[in-house]
Amino acid sequence: MDTVTLTLLNELFEEIQKKHDWKAGMDTIFLSMRGSFVFDNVAIYLIDPRTKGLEVAYARAMGRGKNAEAEAAWGESLANEVITTGKKVIKEPVLGSEDPDRLALAHLIGFPLFVGGKLNGALVVIRFGGPAYSMQHIQMASLQAFWAATLIERRDLQEARAELDSVQRQMRLQDDFVSTISHELRTPLGFIKGYSTSLLRQDTTWDLETQREFLNIIDEEADRLTRLIEDMLESARLQSKTIQFKFAPIRLDALLRDVATRIKTHRPELKITFNFESLTPIQGDAMRLSQVFNNLFSNAIKYAPGAEILISMAIAGDYLRVTFADNGEGIPEDYLPFLFERFYRVPGERTVTGTGLGLYICKQIVMAHHGNIWVESELGQGTTFIMELPIDRPQI
Ligand code: ADP
């Protein structure tokens, strides 16, 4: 091999190695060799592990051929042949002098792709109107196939790593959850046990007022325990999709005002402002949507104490958009992507009790309505939950 070629290959190799995005790497492979190896289209077919059929993983139109990227069907039968034989296949057209459109005649070449040592697909290039592939072209295509397979291996590795990260995060959350939940269950149980034991003591008599006070604590703690268990069951049911939603036309403004009124009976000091621009009924499960708003109120009370709550409603395209904003401390940006995950709680010093289930439950409910919910937050400014529910959806 001459030094110029070697230098070129070396530069190319280095460039491909640096590409994080595998598709950008593929572009480099095919575009950089166009000076010495001309073809019109290239496509990479991979065996779909589930269906065992071929899927187009990458396709690019380079020249005269008008086949768009999406239409890579031209190479599929050759790709099948390559995969069946496990060898390169070259298909040159049989030329006759009377051929009306020589430019339309296709010259195809296909190479097997071995990913992780396993035959996993094929690379096919097409050239319209010749000339026939030279030995050098065939060798270049072979090199491209080798690089392409390496990039696909890199893609698979990146995907596997992302999946592993997600599983590991889930496992960490489960671990945290076990310790949170045992703490959360023990605390109310501790109160209930402590105060009932005190009341039952034979050697002490309690005046009526103290008895009532103890019984109140027992009552509240039992409620807390019930809520906690309900949340856990609810999140498990939502996750396994075993909940039946009862859809009916509802006025979300009325529902929200109801929830707010109920909350205000316990928290008269809470400042809530409504700004409802346009109101239209939606199809929804009133009980479940009340649960969503209850959670948002309860979070604002817990994590933005003393803050004002501003609730707006407006139509945004096909959706009714509700924004639920507080002007509390806000949430650091790094934590925002995980807020709706099951068991997720923003790390840090914890004085507020919780399980990390509330927002997960909210999201599941909103998604069952074919809607969406997300959060925006700025430190020192506050937190806004935005929810969109489809208007005028046919009943499920
Ligand atoms: P929990 O309240 O049980 O921890 P959630 O799923 O309801 O679980 O909330 C997840 C986390 O999101 C909370 O732990 C809290 O850190 C954060 N969070 C939720 N709402 C707000 C809010 N309005 N302001 C600041 N942080 C919030």
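Residues numbered from 1 in each chain as written. Predicted model: local features only at pLDDT ≥ 70, side-chain atom pairs only at ≥ 80, totals over all residues. Heavy atoms only, no water.

What follows covers the layout of surface pockets. One number sums up the size of the second largest pocket: a volume of about 460 Å³. Lining the second largest pocket are 16 residues, and of these Thr5, Leu9, Met33, Ser36 and Met140 lie nearest its centre. Those elements that place two or more of their residues in the lining of the second largest pocket are helix H1 (3–18), helix H2 (22–32) and helix H4 (135–200). A per-element tally of the lining of the second largest pocket places H1 first, with six residues. Split by residue class, the lining of the second largest pocket holds seven nonpolar, seven polar and two charged. (1 Å grid on protein atoms, 1.4 Å probe; cavity = no way out; pocket = protein on both sides within 12 Å on 5 of 7 lines; lining within 4 Å. Points joined across faces, edges and corners; volume = space filled by probe spheres on them. Helix = DSSP H or I, 4+ residues; strand = E, 2+ residues; numbered from the N terminus. Nonpolar A, V, L, I, M, F, W, Y, C, P; charged D, E, K, R; others polar.)

The ligand sits among 18 residues. The nearest are Tyr303, Arg345, Thr355, Gly356 and Leu359. One of the side-chain nitrogen or oxygen atoms of Tyr303 is found 2.6 Å away from an oxygen atom of the ligand. In the model, an oxygen atom of the ligand is placed 2.8 Å from a nitrogen or oxygen of the Gly356 main chain. Coverage of the ligand by the protein amounts to 95% of the 530 Å² it exposes when considered alone. Broken down by secondary-structure element, the contributors of at least two residues to the shell around the ligand are helix H7 (286–303), helix H8 (358–368) and strand S12 (382–390). In terms of residues, the shell around the ligand owes the most to one element, H7, which gives three residues. Taken together, the residues of the shell around the ligand sort by class into eight nonpolar, six polar and four charged. (Near = heavy atom within 4 Å. Polar contact = N/O pair within 3.5 Å; in protein donor to acceptor, adjacent residues only side chain to side chain. Areas by Shrake-Rupley, 256 points an atom, 1.4 Å probe, with all protein chains shown as cover.)

Let us now look at helix H5 (residues 208–239). Over its 32 residues, H5 runs 46 Å from end to end, which matches the ideal 46 Å to within 8%, given 1.5 Å per residue. Along H5, the positions that sit buried rather than exposed are Thr210, Phe214, Ile218, Glu221, Leu225, Leu228, Glu234, Ser235 and Leu238. Measuring from the side-chain oxygen of the N-cap residue of H5 to the backbone nitrogen of Glu209 gives 3.1 Å; that N-cap residue is Asp207. Two residues or fewer after H5 comes Lys241, characterised by a positive phi angle close to 55°. (Expected span 1.5 Å × (residues − 1). Buried < 20%, exposed > 50% of the residue type's maximum accessible area, 1.4 Å probe, protein only.)

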